[in-house]
Amino acid sequence: MDRKRVAGPELSVAPLVEYPRDHKRWTPQDEQRHDTKRQPEDMRPIYLKTGLINQANGSAYIELEKTKLACGVYGPRPGKRTGFSGHGVLNCEIKFATFSCAKRRGHMRDPQEKELSQILSQALTPAVRLDLVPKSTIDIFITVLESDGWGSCVAAAITAASVALAHAGIEMLDLVAGCSAAYIPSGPSIASPTPSATDATNATGPSLAPRIFMDADLEEEKYEQGAIVLAYMPSLNEVTHMLQSGKAEGSIVSQSVEHCVEACNKIYAVMHHALVESVGENK
Amino acid sequence: MPGLISPAERDYILKGIECNIRADGRQRADYREVTLETGVISQTSGSARVRIAGGTDVLVSVKAEIGPVQVDPETGDGADKGQIVCSVECAPSASQQFEGRGADDLNNELTQMMTRFLSNSTSNPSVSSTASAGAGGINLSKLCIIPGQQCWILFVDALVLDYGGNLVDAVFMGARAAIYDTRIPKTEVQDLGDGQFEFEVLDDAEDTEFVEGRENMPICVTLNKIGARHIVDASPLEELCTEARLVVAVNRSGELCGQQKGHDGGIEPSLLLEMIQFGKTTGQTLIKQLDARLQEEADADLAKRQRGEPVHKLGFFAQ
């Protein structure tokens, strides 16, 4: 056999993509959401469990269908930083697993992960009684195993971290629930490459107010005009973090804040349930 | 940038803000005097220097370079779009705390914030949104030279030269003014047939164009929640008393282009909405004043050029 010559076939074809025959990509013009079972205000069902990491003082695992992440809490333990501080330090580190996103992530923490870590610590710090643990740090490590939507990932990380903190027995003022929403233009997007028949009938489309989709998944995020992530302490009625990107009218923002607060109250019940369950196991 | 504050001083600031009078005599909603000048650096495509009386000094430069377009492999989006790459750096000379790696966190936070608010993609870098006009306001399609191949990349670099509080607002004011000042050379595309294209950058200094959509760029208003009140344009000491900070990005037509909470405190939802509303109106007034100043400067420069007089910039002598 001649090894120097390429022995491949003369003709090559693109690989076949496995989609059912009636498969149609979801677009914002569709009346229903990408997940047809959900209404715009519905979140994905949450699976939340504590104590999956043995070595950690506290841990939590959260799953919103295809968004999956694990969180471990270590501490309070002596701070590595020299110098005295009357308050403890909450140190968050989030890492997307290399295989978690559409594009491969590197092993090193990239600037986005560094910023997310900062956001997480800002979202959780208002809830934690750091004044009770001077000279110490509390380390929170989050690994994203599978990401189906950036916003939902951040929100899930906040929820899981706060449950893990509670599971570690660290004194807190309240649990922090995280929630995300996306603003999706309801009319035909100007950038959509295929001018469809709906363009003519729905000419005023882009000027319509965008729809607010709670807990948007990756497919919906591709069409988003803006997004919001909100962290909220339900019992204290305090917003601990808010991150909004993209362009939106003031009314849409205030509406989505209200929706997110409402959703956080629902998530709170799930968090509560998971923690009560973990206490039952220990008995 | 002091790192600590005494309880007595904190109390003084807190009580003052409660009574609507701050340590430097301002009211809660008052800005300090802002000095803005564009075209200060000759090597750039556009530049601006912002000084806030009291110390903050930011230099922003925009450099336009030609590079390959970035196409999303999944959606095929981005083939006909230029790019904006932002970065913020705090010079070690600005503050004792910026020495060594001390400014890393701040640099990263500001860079990410700027990328989020100014470039048209949304929060997720792996997904470029198909929504036409993003928060940044700039028409990226106009920055494309040959679809699918070459485009202009605008590098927006902010350098913090001195720190006197309210860095975020200054950086965004500077970025807006620098892009306002930016001129990009015109290009001529030739069709060679077979889907092959070639382009030429026109050398003529007069034959340049402004960035389309520059007037729709947002600026940021930072609201610092101290006690139960919120203030704008905080001084370094006031920033140390801040429980929570809300950055509201707003454009000329009053659309919200992004918000981000900072610092380690919480805000009640009702106060949050009030702060957003307040940030929006303050931002709109501020943009109007900045636009008037930019226009005035552009007119003055043009008049001088027509008369054949050299244009002198105050540059680093501006106080």
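Quick notes on the rules
- Think of each chain on its own: its residues are numbered from 1, step by step along the sequence as written.
- The lettering of chains begins at A and the numbering of ligands begins at 1, in the order of writing.
- Per-residue local features of the predicted model are confined to residues with pLDDT of at least 70, and side-chain atom pairs are confined, for both listing and counting, to 80 or more; whole-chain, interface and lining totals are unaffected and use all residues.
- The side-chain values count all of the structure's non-hydrogen atoms but skip hydrogen atoms and water molecules.
- Helix numbers and strand numbers start at the N terminus; a helix is a DSSP run of H or I with at least 4 residues, a strand a run of E with at least 2.
- The span expected for a helix works out to 1.5 Å for each residue beyond the first.
- Here a pair means two rings of Phe, Tyr or Trp (six-membered ring of Trp) with centres within 6.5 Å. Their orientation is stacked below 30 degrees between planes, edge-to-face above 60, and tilted elsewhere.
- The rule is simple: take the accessible area with a 1.4 Å probe, protein chains only, and divide by the maximum for that residue type; under 20% is buried, over 50% is exposed, in between is partly exposed.
- In this scheme, Lys NZ or Arg CZ marks a charge over a ring once it lies within 6 Å of the ring centre and within 35 degrees of the ring normal.
- Every axis corresponds to a line fitted to the C-alpha atoms, with the helix fit spanning only the stretch in contact, and the corresponding angles, defined between N-to-C directions, vary from 0 to 180 degrees.
- For any helix crossing, the convention is left-handed if the near helix is rotated counterclockwise from the far helix by under a right angle, and right-handed if that rotation is clockwise.
- Throughout, a contact is declared for two residues whenever any of their heavy atoms are within 4.5 Å.
- Definition used for salt bridges: Asp or Glu carboxyl oxygen within 4 Å of a side-chain nitrogen of Lys or Arg.
- UniProt positions are given in the numbering used here, feature names are shortened, and annotations may be inferred rather than shown by experiment.
- Two strands pair under a simple rule: DSSP has to find at least two bridges between them.
- The way it works is a 1 Å grid over only the protein atoms, where trapped points that fit a 1.4 Å probe form a cavity and open points with protein on both sides within 12 Å along at least five of seven lines form a pocket, and then any residue with an atom within 4 Å of a point lines it.
- Grid points are joined across faces, edges and corners, and a volume is the space filled by probe spheres set on the points.
- Polar here means any residue other than Ala, Val, Leu, Ile, Met, Phe, Trp, Tyr, Cys and Pro, which are nonpolar, and Asp, Glu, Lys and Arg, which are charged; Gly is therefore polar.

Trainee: Is there a simple way to think about helix H5 (residues 269-306) of chain B in this case?
Mentor: Residues that lie three or four places apart on an α-helix share one face, since the helix turns once every 3.6 residues. Helix length check: H5 of chain B, at 38 residues, gives a terminal C-alpha distance of 55 Å against a target of 56 Å (1.5 Å per residue), a fit within 8%. In the stretch just after H5 of chain B, Gly308 of chain B is the one whose phi turns positive, near 80°.

Trainee: Where do I start with the packing of aromatic side chains in this structure?
Mentor: One pair of aromatic rings is described through two measures. These are the centre distance and the angle between the planes. Residues and elements named next belong to chain B. Enumeration according to the criterion identifies 6 aromatic pairs over all chains in this entry. With a centroid separation of 6.1 Å and an interplanar angle of 90°, the aromatic rings of Phe98 and Tyr163 are classed as edge-to-face. One end of the pair, Phe98, is in the loop between strand S4 (83-90) and helix H2 (104-118); the other, Tyr163, is in the loop between strand S6 (150-162) and helix H3 (167-181), and 65 residues separate them in sequence. Here Phe98 matches Tyr163 in class, with each residue buried. Between Arg214 and the ring centre of Tyr180, over which it is positioned, the NZ or CZ distance is 4.0 Å.

Trainee: Please explain unusual backbone geometry as it appears in this structure.
Mentor: Residues and elements named next belong to chain A. Put simply, Gly75 and Pro76 share a cis peptide bond, and its omega is 0°. Within the secondary structure layout, Pro76 lies in strand S3 (residues 67-78). The backbone phi angle of Asn237 is positive, close to 55°, even though this residue is not glycine.

Trainee: So what exactly am I meant to see when it comes to the packing of H3 of chain B against H5 of chain B here?
Mentor: Two packed helices can be described by the angle between their axes and the distance between those axes. All names here are of chain B. It is the contact of H3 with H5, at a shortest axis distance of 11 Å, that shows an interaxial angle of 35°. Taken as a pair, H3 and H5 cross one another with a handedness that is right-handed. Across the interface between the two elements, Met173, Arg176, Ala177 and Tyr180 of H3 pack against Leu286, Ile287, Leu290, Asp291, Leu294 and Gln295 of H5.

Trainee: Hey, could you run me through the pattern of salt bridges in this one?
Mentor: Oppositely charged side chains may form a pair once their charged atoms are brought near each other. All names here are of chain A. Counted according to the given criterion, the structure contains 33 salt bridges over all chains. Salt-bridge contacts for Glu146 lead to Lys68; the nearest nitrogen and oxygen are separated by 3.0 Å. Placement of Glu146 in strand S5 (residues 136-146) and of Lys68 in strand S3 is noted, with a sequence separation of 78 residues between them. Overall, the relative accessible area of 28% leaves Glu146 in the partly exposed class. The exposure class of Lys68 is partly exposed, given its relative accessible area of 22%. Linked through salt bridges whose partners overlap, the residues forming this network are Lys95, Arg105, Asp110 and Glu113.

Trainee: Can you help me understand the UniProt feature "domain: Exoribonuclease phosphorolytic" (unreviewed entry) in chain B in this one?
Mentor: Taking the numbering used here, the UniProt-annotated feature "domain: Exoribonuclease phosphorolytic" (unreviewed entry) corresponds to residues 31-185 and 216-280 of chain B. Taken end to end, residues 216-280 of chain B is 28% helix and 40% strand, and its two terminal C-alpha atoms sit 14 Å from one another.

Trainee: Sorry, what's going on with the sheet that holds strand S6 (residues 177-184) of chain A here?
Mentor: Strands in a sheet are paired, the pairing made by backbone hydrogen bonds, and the direction either parallel or antiparallel. In space, the 8 strands of this open sheet follow the order S7(A)-S6(A)-S8(A)-S9(A)-S14(B)-S13(B)-S11(B)-S12(B), with antiparallel pairing throughout. Both edges of this open sheet fall to strand S7 (211-214) of chain A together with strand S12 (229-232) of chain B, since each of them pairs with a single strand only. In this sheet, neighbouring strand axes are inclined to one another by 20° on average, regardless of whether the strands run parallel or antiparallel. As judged from the 7 bridges shared by strand S11 (residues 219-226) of chain B and strand S13 (residues 244-250) of chain B, these two strands associate in the antiparallel manner. Within S13 of chain B, the residue paired with Thr222 of chain B across the bridge is Val247 of chain B. Where helix H1 (residues 111-124) of chain A meets the sheet, its contacts fall on strand S8 (226-233) and strand S9 (238-248) of chain A together with strand S14 (256-262) of chain B, and the angle it forms with S9 of chain A comes to roughly 140°.

Trainee: Could you clarify how one ought to interpret empty space enclosed by the protein in this entry?
Mentor: Sizing a probe to match a water molecule and rolling it over the atoms shows the empty space that remains. Residue and element names in this part refer to chain A. Counting across every chain of the model gives 5 cavities of 30 Å³ or more. When contributions to the lining of the second largest cavity are tallied by element, the ones reaching two or more residues are strand S2 (58-64), helix H2 (150-167) and S6. Per-element accounting of the lining of the second largest cavity gives the leading share, 4 residues, to H2. Residues of the lining of the second largest cavity, tallied by class, amount to 8 nonpolar, 4 polar and 1 charged.

Trainee: How do you make sense of the pairing of S12 of chain B when you look at a structure like this?
Mentor: Two faces make up the sheet, and in a regular strand the side chains alternate between them. All names here are of chain B. Here S11 runs beside S12; their pairing, made up of 4 bridges, is antiparallel. If you follow Asn224 over to S12, its bridge partner there is Ile231. The hairpin turn running from S11 into S12, its antiparallel successor, is 2 residues long, and Gly227 in that turn takes a positive phi close to 65°.

Trainee: Is there a simple way to explain the sheet that holds S3 of chain A in this structure?
Mentor: All names here are of chain A. The strand order across the open sheet built from 5 strands is S1-S2-S3-S5-S4, with neighbouring strands paired in mixed fashion. Strand pairing shows two members of the sheet lacking a second neighbour, strand S1 (46-50) and strand S4 (89-96), which therefore form its edges. Within this sheet the neighbouring strands show an average axis-to-axis angle of 15°, counted without direction. Where S4 meets S5, 8 bridges bridge the pair, whose relative direction is parallel. Counted as the bridge partner of Val89 is Thr137 from S5. Against the sheet, H1 contacts S4 and S5, and its axis sits at roughly 140° relative to S4. This element, H2, spans S1, S2, S3, S4 and S5 of the sheet and lies at about 40° to S3.

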